[in-house]
Amino acid sequence: GASSYNPLVYLLMTVSAVLTASCSVRNEYLVKHYSVLLNVQNAALYAGGAFLNLFAFHVIPNPNSKQANIGFFDGYDNPLALGVVFVNSLIGLAITAVYKYAD
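Residues numbered from 1 in each chain as written. Predicted model: local features only at pLDDT ≥ 70, side-chain atom pairs only at ≥ 80, totals over all residues. Heavy atoms only, no water.

1. With respect to the overall build of the chain
In plain terms, the rule: A run of H or I in DSSP becomes a helix once it reaches four residues, and a run of E becomes a strand once it reaches two; helices and strands are each numbered from the N terminus. The buried label applies to any residue whose accessible area, calculated with a 1.4 Å probe on protein chains only, is under 20% of its type's maximum; exposed applies above 50%, and partly exposed to all values in between. Residue contacts are defined here by distance: any two heavy atoms, one from each residue, within 4.5 Å place the two residues in contact.
Summing up its helical and strand segments, the chain has three helices and zero strands in all. When the helices and strands of the chain are read in sequence order from the N terminus, they spell out α-α-α. Principal axes of the C-alpha set define a box for the chain whose edges measure 50 × 40 × 25 Å. The proportion of buried residues among the 103 residues of the chain is 7%. By sequence separation, contacts in the chain at least 24 residues apart represent 63% of the contacts at least 6 residues apart.

As structure tokens, this is what we get:
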């Protein structure tokens, strides 16, 4: 038979979609209407993301006691993991260029 999920799951998915769409619209507005160079905006965005991730890694406790001793860069010795990071960064740069120049 068909499986059904808890209604909270659908609510959270809807909230996530609305939040993502709102952030995308705001990001496009900021990229198009600020007089700062696109590369400077990208550098600030990526630096902020790196800072927030490092902050979260050090402040938020790991709920999995088996992996409590894992370092921040554990797993990045795999070339596929590095490839995912590299491709995602290129996608981010391409999206900001589309936000800036596409109408």
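2. As for the pattern of salt bridges
The condition is simple: Any carboxyl oxygen of Asp or Glu that lies within 4 Å of a side-chain nitrogen of Lys or Arg is treated as forming a salt bridge with it.
Tallied over the full model, the rule gives one salt bridge. A salt bridge links Glu-28 to Lys-32; the shortest N-O distance between them is 3.2 Å. Of this pair, Glu-28 and Lys-32 both sit in helix α1 (residues 7-33), four residues apart, roughly one helical turn. With a relative accessible area of 26%, Lys-32 lands in the partly exposed category.

3. Comments concerning the confidence of the model for the chain
Close reading of the predicted structure is inappropriate where its pLDDT is low. Stated formally: A residue's pLDDT is the predictor's confidence in that residue, given on a scale from 0 to 100.
Per-residue pLDDT for the chain averages 87, and the proportion of residues at 70 or more is 94%. Across the chain, α1 holds the top mean pLDDT of 92, while helix α2 (residues 38-59) sits lowest at 89.

4. Thoughts on the packing of aromatic side chains
Centre distance and the angle of the planes are the two values used to describe a pair of aromatic rings. As a reminder, the rule being used: Only centres within 6.5 Å qualify two rings of Phe, Tyr or Trp (six-membered ring in Trp) as a pair; their planes then separate them into stacked at under 30 degrees, edge-to-face at over 60, and tilted for everything else.
Summed over the entire model, instances satisfying the criterion amount to three aromatic pairs. Measuring from centroid to centroid gives 6.4 Å for Tyr-5 and Tyr-10, while their planes differ by 75°, and the two rings are edge-to-face. Relative to Phe-55, the ring of Phe-51 lies with its centre 6.4 Å away and its plane at 25°, an arrangement referred to as stacked. You can see Phe-51 and its partner Phe-55 sitting in helix α2, four residues apart, about one turn around the helix.

5. Structural notes on helix α3 (residues 79-101)
Quick note on the threshold: What a helix should span is 1.5 Å times the count of its residues minus one. Counted as a polar contact is a pair of N or O atoms within 3.5 Å, where, for protein atoms, one must be capable of donating a hydrogen and the other of accepting one, and residues adjacent in sequence contribute only when both atoms are in side chains.
With 23 residues, α3 ought to run about 33 Å at 1.5 Å a step, and its terminal C-alpha atoms sit 33 Å apart, in line with that. Turning to α3, its buried residues are Gly-92, Thr-96 and Tyr-99. The secondary structure elements touched by the buried residues of α3 are α1 and α2. Capping the start of α3 is the job of one residue whose side-chain oxygen sits 2.9 Å from the backbone nitrogen of Leu-80: Asn-78.

6. Looking at α2
We count it as follows: Directions from the helix axis toward the C-beta atoms define the arc.
Here α2 contains 22 residues, and its C-alpha end-to-end distance of 31 Å stays within 8% of the 32 Å for a straight helix at 1.5 Å per residue. Every buried residue belonging to α2 is among Leu-38, Gln-41 and Asn-42, and all of these are buried. Each buried residue of α2 lies within a common arc of 100° when the element is viewed along its axis, so the set occupies one face. Projecting away from the buried face of α2 at angles above 90 degrees are the exposed residues Asn-39, Ala-44, Phe-51 and His-58. Looking at the buried positions of α2, the neighbouring elements they touch are α1 and α3.

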